[in-house]
Amino acid sequence: MGRITVRRRVTRLTAGGSKRVREDVLAAEEPLEIRVGGQSLAITMRTPGNDIDLAAGFLVSEGVISSGEHFAAARYCAGATDEGLNTYNVLDVTLAPGVAPPDPSLQRNFFTTSSCGLCGKASIDAVRTISAYTSESDALRIEAALLTTFPDRLREQQDVFDKTGGLHAAALFDGSTGELLVLREDVGRHNAVDKVIGWATRENLLPLRGTVLMVSGRASFELMQKASMAGIPMLAAVSAPSSLAAELASELGITLVGFLRGDSMVIYSGAERVLESDLPPIENVPSESIGVA
């Protein structure tokens, strides 16, 4: 299995002060080729670990599968190099009997970077995927006070971030009890979310009714779409959402929360799912002041 962290000698310099050489810990970044039935589908740059979850989540996000029953098995490919070595960077997925293989148009034999999981798609039509689930009727209701505890609880569980300072995190919470169901880290925020969704897929939990997806960074269009594909009714982010993420949330009936820090938040869509009993009355705040870090 590939390394999650890598040690490297660095020079630490303080302006006007001392300079010293020391050993630092970096988050590992390696390519993972995802194959389905022996056919290459995509290559993504990721932090090694939970690769099968990553592959399963990626297939859900791309609309290839929508249930854990569709995912039969996955194995690392031996002989991945000319020397016949197993690099643990090539994963071949076997779909369940009767499940259609990926449409050839989905095959994108290029690198998706750790910062962008949609890079290489030719148009907005190619980006959009249609979910097997709908979130508009999801009965999730969550107390604001409970929701505000999620960022700190996510941060407390980021073991690799503590060592490297260089990983995104995504976590899935039960919206009724506040239980942390799963947390995954990765150099790519989209990979972290796929790892969470993939875990839920393999646990046969889709659709993820009544749950909250919490992410450590911003909320992008892509992350909103991944939440939709898994049937998640709420996406919460420590930082800002993009305009397309907010538009898609409104269109799909998903609650979108941004700037979830301390005891405050900004709700961009689906505010009815956040119960205000523990918050002071809502004030009319000038729009230009919203989102100031």
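Note on numbering: residues in each chain are counted from 1, in written sequence order. Selection of residues for local features in this predicted model requires a pLDDT of at least 70, selection of side-chain atom pairs for listing and counting requires 80 or more, and totals for whole chains, interfaces and linings are taken over all residues. Side-chain metrics rest on all non-hydrogen atoms present in the structure, leaving aside hydrogens and water.

1. Overview of the sheet that holds strand β9 (residues 168-174)
Thought 1: Read across the sheet, six strands follow the order β10-β9-β11-β12-β13-β14 without closing on themselves; strand pairing throughout is mixed. The sheet terminates laterally at β10 (180-186) and β14 (264-269), the two strands that pair on one side only. Across this sheet, the average inter-strand angle for adjacent strands is 20°, counted without regard to direction.
Thought 2: Two strands are counted as paired when DSSP detects at least two bridges linking them. Each helix is a run of H or I in the DSSP string that is no shorter than four residues. Each strand is a run of E no shorter than two, and both are numbered from the N terminus. Pairing geometry for strand β13 (residues 255-261) and β14, over four bridges, is antiparallel. Each residue of the ladder has a partner; that of Leu256, found in β14, is Ser269. Simply put, an axis is a line fit to the C-alpha atoms, just over the touching stretch for a helix, and the angle between two N-to-C directions goes from 0 to 180 degrees.

2. Quick word on the packing of aromatic side chains
Thought 1: Any two rings among Phe, Tyr and Trp, with Trp reduced to its six-membered ring, count as a pair given centres within 6.5 Å; such a pair is stacked if its planes are under 30 degrees apart, edge-to-face if over 60, and tilted if neither. In total, this model carries two aromatic pairs according to the counting rule given.
Thought 2: Considering the side-chain rings of Tyr76 and Tyr88, the 5.2 Å spacing of their centres and the 70° angle between planes classify their relative orientation as edge-to-face. Taken together, the positions of Tyr76 in strand β5 (residues 71-76) and Tyr88 in the loop between β5 and β6 (90-95) put the pair twelve residues apart, joining distant regions of the chain.
Thought 3: The class of Tyr76 is buried, set by a relative accessible area of 19%.
Thought 4: Accessibility expressed as a relative area gives 33% for Tyr88, which makes it partly exposed.
Thought 5: Ring geometry for Phe150 versus Phe173: centroids 3.9 Å apart, planes at 5°, classification stacked. With Phe150 in helix α4 (residues 150-156) and Phe173 in strand β9, this residue pair connects regions lying 23 residues apart in the sequence.
Thought 6: Note on classification: 1.4 Å probe, protein chains only; a residue is buried when its accessible area is under 20% of the maximum for its type, exposed when over 50%, partly exposed between these limits. A relative accessible area of 0% means that Phe173 is categorised as buried.

3. Some thoughts on the layout of surface pockets
Thought 1: Reported here for the second largest pocket is a volume of approximately 180 Å³.
Thought 2: With a 1 Å grid laid over protein atoms only, a set of points is called a cavity when a 1.4 Å probe fits there but cannot get out and a pocket when it is open yet has protein on both sides within 12 Å along at least five of seven lines; lining residues have an atom within 4 Å of a point. Around the second largest pocket, the lining comprises 14 residues; the ones closest to its centre are Pro151, Leu154, Arg155, Ser216 and Val238.
Thought 3: Elements with a minimum of two residues in the lining of the second largest pocket: α4 and β13.
Thought 4: It is α4 that provides the largest number of residues to the lining of the second largest pocket, a total of four residues.
Thought 5: Nonpolar residues are Ala, Val, Leu, Ile, Met, Phe, Trp, Tyr, Cys and Pro. Charged residues are Asp, Glu, Lys and Arg, and all others, Gly as well, are polar. When grouped by side-chain class, the residues that make up the lining of the second largest pocket number six nonpolar, five polar and three charged. Grid points are joined across faces, edges and corners, and a volume is the space filled by probe spheres set on the points.

4. A short note on the pattern of salt bridges
Thought 1: Counted as salt bridges are all cases of a side-chain nitrogen of Lys or Arg within 4 Å of a carboxyl oxygen of Asp or Glu. Counting across every chain of the model gives seven salt bridges.
Thought 2: Between Asp53 and Arg202 there is a salt bridge, and its shortest N-O distance comes to 2.8 Å. Taken as a pair, Asp53 in helix α1 (residues 51-61) and Arg202 in helix α6 (residues 189-202) lie far apart in primary sequence, 149 residues in all.
Thought 3: By relative accessible area, which is 42% here, Arg202 ends up partly exposed.
Thought 4: Among the salt bridges present, the one from Asp186 reaches Lys195, with a minimum N-O distance of 2.7 Å. Each member of the pair, Asp186 as well as Lys195, is classed as buried.
Thought 5: One network of salt bridges, in which partners are shared, links Asp53, Arg184 and Arg202.

5. Some points on the pairing of β10
Thought 1: Burial analysis of β10 places five of its seven residues in the buried class, the great majority of the element.
Thought 2: Of the pairings in the sheet, the one linking β9 to β10 comprises six bridges and is antiparallel in character. Pairing of His168 across the sheet is with Asp186, part of β10.
Thought 3: With antiparallel pairing between neighbouring strands as the criterion, β9 and β10 make up a hairpin whose turn holds five residues, including Gly178 at a positive phi of roughly 80°.

6. Quick look at the environment of Asp103
Thought 1: Here Asp103 shows up in the loop between β6 and β7 (108-112).
Thought 2: In this structure the C-alpha to C-alpha distance between Asp103 and Gly63, which are 40 residues apart in sequence, comes to 9.9 Å.

7. Remarks on the nonpolar core
Thought 1: With 48 residues, the main nonpolar core has Leu59, Leu213, Val215, Met224, Leu235 and Leu256 as its most contacted residues.
Thought 2: Throughout, a residue-residue contact means that at least one pair of heavy atoms, one from each residue, lies within 4.5 Å. Excluding residues that lie within four positions of it along the chain, Leu213 makes contacts with Ala170, Ala171, Leu172, Val193, Val196, Ala227, Ile232, Met234, Leu235 and Ala236.
Thought 3: By size, the runner-up hydrophobic cluster in this structure holds 18 residues, among which are Leu140, Ala171, Phe173 and Val274. Throughout, nonpolar core names a set of buried Ala, Val, Leu, Ile, Met, Phe, Trp, Tyr and Cys residues whose side chains join them through atoms within 4.5 Å.

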